[in-house]
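A structural walkthrough
Each chain is listed here by its residues.
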Amino acid sequence: MAITKPNGRREALGRGSYTFPGLTVQVERTETLIPVHENQCPCGFLFQLANGELVVGGPRTVEPELTWRRSRDGGETWYAAPAWPSFYVHQFDDGELLHVGTPGEPWLTRGDAPGAYRFSIHRSHDNGQTHAPESALISGVPELAVEDSEKWGRHVWAYVDHGLVALRDGSLLATVLGKFAGDVKHRVFVIRSDDRGATWRFRASVAFDLNPTHTHHIEGFTEPDLLALPNGDLLCFMRTGGRYEGRHTALAMSRSADDGHSWSAPEPVADRGVLPKACRMTNGVLAVIYGRPGDWLAFSRDDGHTWMGHTCLNLGTQAWDCGNYDWVIEVAPDTLLAAYAETDRNDPRRSAILGTWITVKPT
């Protein structure tokens, strides 16, 4: 799979229709989902509950309780809602919500045995109105690196990131961003749970780079997202570098055909990409949103083997800390909703979260 470059449009696309091979993309309306607010790192998060209700949030904001909204009418109107503990979420068939990890306190902590680590989870049985915290256990993990930082003190260098999917047998697979002892860059590995997230076991590494001089993976592999396809394949999208001043490297993707036991060598999907988020539409089209610089969408008609239509939704002011952390979900047949930040050009500590509705149809 050769690297796919953006389509050359360096301005954010306005409303209109755009045609790619076998695909028509119609950029519809853009609205403010969350008004301007102070944030540490603007992030648009979206989730559609089983009852159809939409949830939008700003989990990286200074005051998250002020920035969560819900909609019962497909995004026509929004109302204030309780903040969620994280944006790594799975909803089971019985309606229970499972949140893995906590962005404000992300790091794994050592368990009572070699290879055992713990992390925070939350459960909700009322569609996210309230949440109960728990401590989940991972076993069988190779020794993880330990680092010191001014912000976090001494900590294990690993945390559960936003990839979380159900496998064909009903068990869960989640992604972890971290470093094994001796690693010089970040790696991605996956863990599996067959008891609804209470306990997990190391399954496999997805991608890593042990060469400190490689410039095509500045950071190694990080910020992973998982997408499960109907044929059983799993796709893992990963950031490899998202620094400023043009120092970004490719959005990478690995594939597994055996429920995450083994993974293909990571290949580039686009020439940049922090915090990728992917979804599969009911019409079979795959969409992935990625950023920095800018907020971009790309599409695939062949289950992720090739990508097309790299479309820029926004090229605005860079937030003071980090940014271009975006989300995309299908909210109706043939219709995507993409969420991304618009930062105040006069105050880079303040951003709004915008939503753009996009119609995507195979031709």
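The residue count restarts for each chain, going from 1 along the sequence in the order it is written. Given that this is a predicted model, residues contribute local features only at a pLDDT of at least 70 and side-chain atom pairs are listed and counted only at 80 or more, while totals for whole chains, interfaces and linings are drawn from all residues. Where side-chain values are given, they derive from all heavy atoms of the structure, hydrogens and water being excluded.

1. Examining the overall build of the protein
- Strands here are runs of E lasting at least two residues and helices are runs of H or I lasting at least four, both read from the DSSP assignment and numbered beginning at the N terminus. Each helix and strand counted, the protein has zero helices and 28 strands in total.
- The quantity called the radius of gyration is restricted to C-alpha atoms. Its globule counterpart is 2.2 Å times the number of residues to the power 0.38. The C-alpha radius of gyration of the protein comes to 19 Å, within 12% of the 21 Å expected for a compact globule of 363 residues.
- Taken along its principal axes, the extent of the C-alpha atoms in the protein is 55 × 45 × 45 Å.
- Across the 363 residues in the protein, those meeting the buried criterion constitute 56%.
- Residue pairs in contact within the protein that sit at least 24 positions apart in sequence constitute 53% of those at least 6 positions apart.
- Exposure was quantified through the Shrake-Rupley algorithm and a 1.4 Å probe, taking into account, for residues, occlusion by the shown protein chains and nothing else. Here the protein displays about 14,700 Å² of accessible surface, and carbon together with sulfur accounts for 49% of that area. Exposure categories follow from relative accessible area, calculated using a 1.4 Å probe and restricted to protein chains: below 20% of the type maximum is buried, above 50% is exposed, and the middle band is partly exposed. For this analysis, residues touch if any pair of their heavy atoms sits within 4.5 Å.

2. Digging into the sheet that holds strand 18 (residues 222-228)
- Pairing between strands requires that DSSP locate at least two bridges from one strand to the other. In space, the four strands of this open sheet follow the order 18-19-20-21, with antiparallel pairing throughout. The outermost strands of the open sheet, each flanked by one partner alone, are strand 18 and strand 21 (267-270). Pairwise comparison of adjacent strand axes, ignoring direction, gives a mean angle of 30° for this sheet.
- Relative to strand 20 (residues 251-256), strand 19 (residues 234-239) is paired through five bridges, and the arrangement is antiparallel. Residue pairing in the sheet places phenylalanine 237 in a bridge with methionine 253 of strand 20. Fitted lines through C-alpha atoms give the axes, limited to the stretch in contact for helices. The angle between two N-to-C directions lies from 0 to 180 degrees.

3. Details of the sheet that holds strand 3 (residues 45-48)
- Across the sheet, four strands lie side by side as 3-4-5-6; this open sheet has antiparallel pairing. Lying at the two open borders of the sheet, with one neighbouring strand each, are strand 3 and strand 6 (79-80).
- Here strand 3 runs beside strand 4 (residues 54-57); their pairing, made up of four bridges, is antiparallel. Considered in strand 4, the bridge of phenylalanine 45 is made with glycine 57.

4. Looking at unusual backbone geometry
- For the bond from arginine 292 to proline 293, the omega torsion is -5°, close enough to zero to count as cis.
- The residue proline 293 is located in the loop between strand 23 (286-291) and strand 24 (295-300) in this model.
- Despite not being glycine, asparagine 127 shows a phi value in the positive range, around 60°.
- Take asparagine 127: it is sitting in the loop between strand 10 (117-124) and strand 11 (132-139).

5. Some remarks on the state of the cysteines
- Here, a disulfide means two cysteine sulfur atoms that sit within 2.5 Å of each other. Taken as a whole, this structure holds one disulfide when the rule is applied.
- Across the disulfide from cysteine 41 sits cysteine 322; the S-S distance is 2.2 Å. The chirality of the disulfide connecting cysteine 41 with cysteine 322 is left-handed, given an S-S dihedral of about -130°. In this pair, cysteine 41 sits in the loop between strand 2 (23-38) and strand 3 while cysteine 322 sits in the loop between strand 25 (308-314) and strand 26 (327-332), placing the two residues 281 residues apart along the sequence.

6. Describing the packing of aromatic side chains
- Think of it this way: a Phe, Tyr or Trp ring, Trp meaning its six-membered ring, pairs with another when their centres are within 6.5 Å, and the plane angle makes it stacked under 30 degrees, edge-to-face over 60, tilted otherwise. Per the counting criterion, the structure on display carries 16 aromatic pairs.
- By the ring-pair criterion, three or more aromatic residues cluster together here, those being Phe45, Phe47, Trp68, Trp84, Phe87, Tyr88 and Trp327.
- Over a ring means this: the NZ of a Lys or the CZ of an Arg is within 6 Å of the ring centre and within 35 degrees of the ring normal. In this structure, lysine 179 packs its charged tip against the face of tryptophan 157, placed 5.7 Å from the ring centre.
- The ring of phenylalanine 92 has arginine 196 lying over it, and the distance from NZ or CZ to the ring centre is 4.1 Å.

7. Topic: the pairing of strand 12 (residues 146-149)
- The sheet contact formed by strand 12 and strand 13 (residues 153-156) spans four bridges and is antiparallel. Of the residues in strand 13, the one forming a bridge with aspartate 148 is arginine 154.
- Where strand 12 hands over to strand 13, the hairpin turn is made up of three residues, counted between the paired strands.

8. Quick look at the confidence of the model for the protein
- In the predicted model, the protein carries a mean pLDDT of 90, and 93% of its residues have values of at least 70.
- Under a pLDDT of 50 for its full length, residues 1-11 has, in the predicted model, 37 contacts with residues more than four places off or in other chains. Confidence scores per residue from the predictor, reported as pLDDT, run from 0 to 100.

9. A short note on the pattern of salt bridges
- Salt bridge criterion: a side-chain nitrogen from Lys or Arg within 4 Å of a carboxyl oxygen from Asp or Glu. This model, assessed by the stated rule, comprises 20 salt bridges.
- Between lysine 179 and glutamate 147 there is a salt bridge, with its nearest N and O atoms 3.1 Å apart. With a gap of 32 residues between them, lysine 179 in the loop between strand 15 (172-178) and strand 16 (187-193) and glutamate 147 in strand 12 connect regions that are remote in the sequence.
- Classification of lysine 179 as buried rests on a relative accessible area of 13%.
- Arginine 255 serves as the salt-bridge partner of aspartate 233, at 3.2 Å between the closest nitrogen and oxygen. In this pair, aspartate 233 is assigned in the loop between strand 18 and strand 19 and arginine 255 in strand 20, connecting sequence segments 22 residues apart.
- Through salt bridges with shared partners, a single ionic network connects Asp94, Glu96, Arg123, Glu134 and Arg196.

10. As for the environment of aspartate 225
- Here aspartate 225 shows up in strand 18.
- Residues aspartate 225 and alanine 174 lie 51 residues apart in sequence; the distance between their C-alpha atoms is 8.8 Å.
- When sequence neighbours within four positions are dropped, the list of residues in contact with aspartate 225 reads His162, Gly163, Leu235, Cys236, Phe237, Pro276, Lys277 and Ala278.
- Polar contacts, as counted here, are pairs of nitrogen or oxygen atoms within 3.5 Å of one another; within protein the pair requires one atom able to donate a hydrogen and one able to accept it, and residues that are adjacent in sequence qualify only if both atoms are side-chain atoms. At a separation of 2.9 Å, a polar atom in the side chain of aspartate 225 contacts the main-chain amide nitrogen of alanine 278.

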